[in-house]
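Structure assessment
Here's the letter readout for the chains.
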Amino acid sequence: MLRRTVLGALASLAALAADSSFSAARARTPAPANAEAYIIWPPDGAVITGGKLWVRMGLRNMGVCPKGVDLPNVGHHHLMVDTDLPPLDQEIPSDRNHLHYGAGETDARLELPPGKHTLQLLMGDYNHIPHDPPVYSKKITITVK
Ligand SMILES: [Cu+2]
(Lines give C-alpha, C1' and ligand atoms only; values in the text may rest on other atoms or scores of the structure.)
Protein backbone atom coordinates (compact mmCIF):
# COMPACT_ATOMS: atom_id res chain seq x y z
CA MET A 1 0.00 0.00 0.00
CA LEU A 2 2.76 2.40 1.03
CA ARG A 3 4.80 1.29 -1.95
CA ARG A 4 1.95 2.01 -4.32
CA THR A 5 1.43 5.49 -2.82
CA VAL A 6 5.11 6.33 -3.15
CA LEU A 7 5.17 5.10 -6.73
CA GLY A 8 2.05 7.11 -7.48
CA ALA A 9 3.59 10.24 -6.00
CA LEU A 10 6.79 9.68 -7.96
CA ALA A 11 4.84 9.24 -11.17
CA SER A 12 2.94 12.49 -10.52
CA LEU A 13 6.21 14.32 -9.80
CA ALA A 14 7.78 12.97 -12.97
CA ALA A 15 4.76 14.07 -14.99
CA LEU A 16 4.88 17.51 -13.40
CA ALA A 17 8.62 17.87 -14.08
CA ALA A 18 8.21 16.76 -17.68
CA ASP A 19 5.32 19.16 -18.16
CA SER A 20 7.08 22.18 -16.66
CA SER A 21 10.28 21.61 -18.63
CA PHE A 22 8.18 21.33 -21.76
CA SER A 23 6.40 24.64 -21.16
CA ALA A 24 9.66 26.41 -20.15
CA ALA A 25 11.38 25.17 -23.30
CA ARG A 26 8.42 26.26 -25.41
CA ALA A 27 8.41 29.74 -23.86
CA ARG A 28 12.02 30.59 -24.78
CA THR A 29 12.64 32.34 -28.09
CA PRO A 30 15.80 31.18 -29.89
CA ALA A 31 18.63 33.66 -30.38
CA PRO A 32 21.53 33.36 -32.84
CA ALA A 33 24.49 31.68 -31.12
CA ASN A 34 26.74 34.62 -32.09
CA ALA A 35 24.38 37.36 -30.83
CA GLU A 36 26.08 39.78 -28.47
CA ALA A 37 24.82 42.64 -26.29
CA TYR A 38 27.31 45.22 -25.05
CA ILE A 39 27.30 48.60 -23.36
CA ILE A 40 28.77 51.21 -25.71
CA TRP A 41 28.65 53.98 -23.08
CA PRO A 42 29.61 54.40 -20.30
CA PRO A 43 32.86 52.39 -20.30
CA ASP A 44 33.62 50.02 -17.43
CA GLY A 45 35.18 52.00 -14.57
CA ALA A 46 33.83 55.38 -15.73
CA VAL A 47 33.46 58.16 -13.19
CA ILE A 48 30.33 60.24 -13.81
CA THR A 49 29.99 63.65 -12.25
CA GLY A 50 26.48 64.67 -11.29
CA GLY A 51 24.80 61.29 -11.72
CA LYS A 52 22.97 62.00 -15.00
CA LEU A 53 24.16 59.92 -17.91
CA TRP A 54 23.14 58.41 -21.21
CA VAL A 55 23.50 54.67 -21.54
CA ARG A 56 24.15 53.56 -25.14
CA MET A 57 23.16 49.96 -25.80
CA GLY A 58 24.87 47.85 -28.43
CA LEU A 59 23.76 44.64 -30.11
CA ARG A 60 25.40 42.44 -32.75
CA ASN A 61 23.95 39.66 -34.89
CA MET A 62 20.34 40.21 -33.88
CA GLY A 63 17.86 43.09 -34.14
CA VAL A 64 16.05 45.45 -31.78
CA CYS A 65 12.26 45.44 -32.02
CA PRO A 66 9.51 46.84 -29.77
CA LYS A 67 7.91 44.53 -27.19
CA GLY A 68 5.04 42.43 -28.47
CA VAL A 69 6.58 41.88 -31.91
CA ASP A 70 7.23 38.18 -32.44
CA LEU A 71 9.78 37.97 -35.27
CA PRO A 72 12.86 35.74 -35.53
CA ASN A 73 16.17 36.99 -34.09
CA VAL A 74 14.88 40.18 -32.46
CA GLY A 75 14.26 41.42 -28.92
CA HIS A 76 14.39 44.55 -26.78
CA HIS A 77 16.97 45.80 -24.34
CA HIS A 78 16.71 45.58 -20.54
CA LEU A 79 19.14 47.29 -18.23
CA MET A 80 19.99 45.69 -14.90
CA VAL A 81 20.97 48.45 -12.46
CA ASP A 82 22.77 47.41 -9.27
CA THR A 83 21.56 43.82 -9.52
CA ASP A 84 22.50 40.41 -10.90
CA LEU A 85 20.78 38.78 -13.85
CA PRO A 86 17.27 37.52 -12.99
CA PRO A 87 16.22 33.88 -13.62
CA LEU A 88 16.77 33.40 -17.36
CA ASP A 89 13.70 31.24 -17.99
CA GLN A 90 11.14 33.72 -16.67
CA GLU A 91 9.77 37.13 -17.57
CA ILE A 92 12.30 39.83 -16.64
CA PRO A 93 11.01 41.76 -13.58
CA SER A 94 10.04 45.39 -14.11
CA ASP A 95 11.21 47.68 -11.31
CA ARG A 96 13.89 50.29 -10.61
CA ASN A 97 16.63 47.64 -10.90
CA HIS A 98 15.25 46.06 -14.10
CA LEU A 99 14.50 48.69 -16.75
CA HIS A 100 12.65 47.70 -19.94
CA TYR A 101 13.14 49.50 -23.24
CA GLY A 102 10.01 48.13 -24.87
CA ALA A 103 9.76 50.82 -27.54
CA GLY A 104 12.98 49.50 -29.05
CA GLU A 105 15.21 52.19 -27.55
CA THR A 106 18.98 51.77 -27.87
CA ASP A 107 19.88 54.60 -25.55
CA ALA A 108 18.42 55.83 -22.29
CA ARG A 109 18.86 58.66 -19.82
CA LEU A 110 19.65 57.50 -16.28
CA GLU A 111 19.99 59.37 -13.04
CA LEU A 112 21.90 57.63 -10.27
CA PRO A 113 22.82 58.72 -6.73
CA PRO A 114 26.49 59.12 -5.72
CA GLY A 115 28.41 55.89 -5.21
CA LYS A 116 29.32 52.75 -7.14
CA HIS A 117 26.76 51.25 -9.51
CA THR A 118 26.64 48.24 -11.79
CA LEU A 119 25.03 48.13 -15.22
CA GLN A 120 24.32 45.08 -17.36
CA LEU A 121 22.19 44.56 -20.46
CA LEU A 122 19.91 41.58 -20.98
CA MET A 123 17.84 41.04 -24.13
CA GLY A 124 14.24 39.92 -23.77
CA ASP A 125 11.85 38.57 -26.39
CA TYR A 126 8.37 39.94 -27.25
CA ASN A 127 7.16 38.60 -23.87
CA HIS A 128 10.15 40.00 -21.89
CA ILE A 129 11.63 36.51 -21.48
CA PRO A 130 15.38 36.07 -22.11
CA HIS A 131 16.29 34.21 -25.28
CA ASP A 132 17.80 30.75 -25.58
CA PRO A 133 20.76 31.10 -25.40
CA PRO A 134 20.38 34.26 -23.29
CA VAL A 135 21.95 37.42 -24.74
CA TYR A 136 23.50 39.67 -22.10
CA SER A 137 26.43 42.01 -21.77
CA LYS A 138 29.34 42.04 -19.41
CA LYS A 139 28.41 43.72 -16.10
CA ILE A 140 30.22 47.04 -15.72
CA THR A 141 30.85 49.18 -12.65
CA ILE A 142 30.70 52.97 -12.68
CA THR A 143 31.15 55.56 -9.98
CA VAL A 144 28.91 58.59 -9.58
CA LYS A 145 30.46 61.61 -7.86
CU1 LIG B 1 10.83 43.94 -21.57
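Here's a quick rundown of the structure.

Definitions and limits used
Residues numbered from 1 in each chain as written. Predicted model: local features only at pLDDT ≥ 70, side-chain atom pairs only at ≥ 80, totals over all residues. Helix = DSSP H or I, 4+ residues; strand = E, 2+ residues; numbered from the N terminus. Contact = placed C-beta atoms within 7 Å. Buried ≥ 20, exposed ≤ 12 C-beta atoms within 10 Å, placed from the backbone.

This part covers the environment of Leu79. As for its placement among the helices and strands, Leu79 is situated in strand β5 (residues 74-81). Sequence spacing of Leu79 and Tyr101 is 22 residues, and the spatial spacing of their C-alpha atoms is 8.1 Å. If we skip the residues at most four places from it in the chain, Leu79 touches Val55, Leu99, Ala108, Leu119 and Leu121.

Let's shift gears to unusual backbone geometry. The linkage connecting Trp41 with the following residue, Pro42, adopts the cis geometry, with an omega of 0°. Within the fold, Pro42 resides in the loop between β1 (36-41) and β2 (47-48). Residues Asp132 and Pro133 are joined by a peptide bond in cis, for which omega reads 0°. You can see Pro133 is positioned in the loop between β8 (115-124) and β9 (140-144). Non-glycine residue Asn73 carries a positive phi angle of around 60°. Residue position: Asn73 is located in the loop between β4 (63-64) and β5. Judged by local crowding, Asn73 falls into the partly exposed class, with 14 C-beta atoms found within 10 Å. For Asp82, which is not glycine, the phi dihedral falls at a positive 55°. Its place among the elements puts Asp82 in the loop between β5 and β6 (98-100).

Remember, this is a structural readout, not a statement about activity or role.
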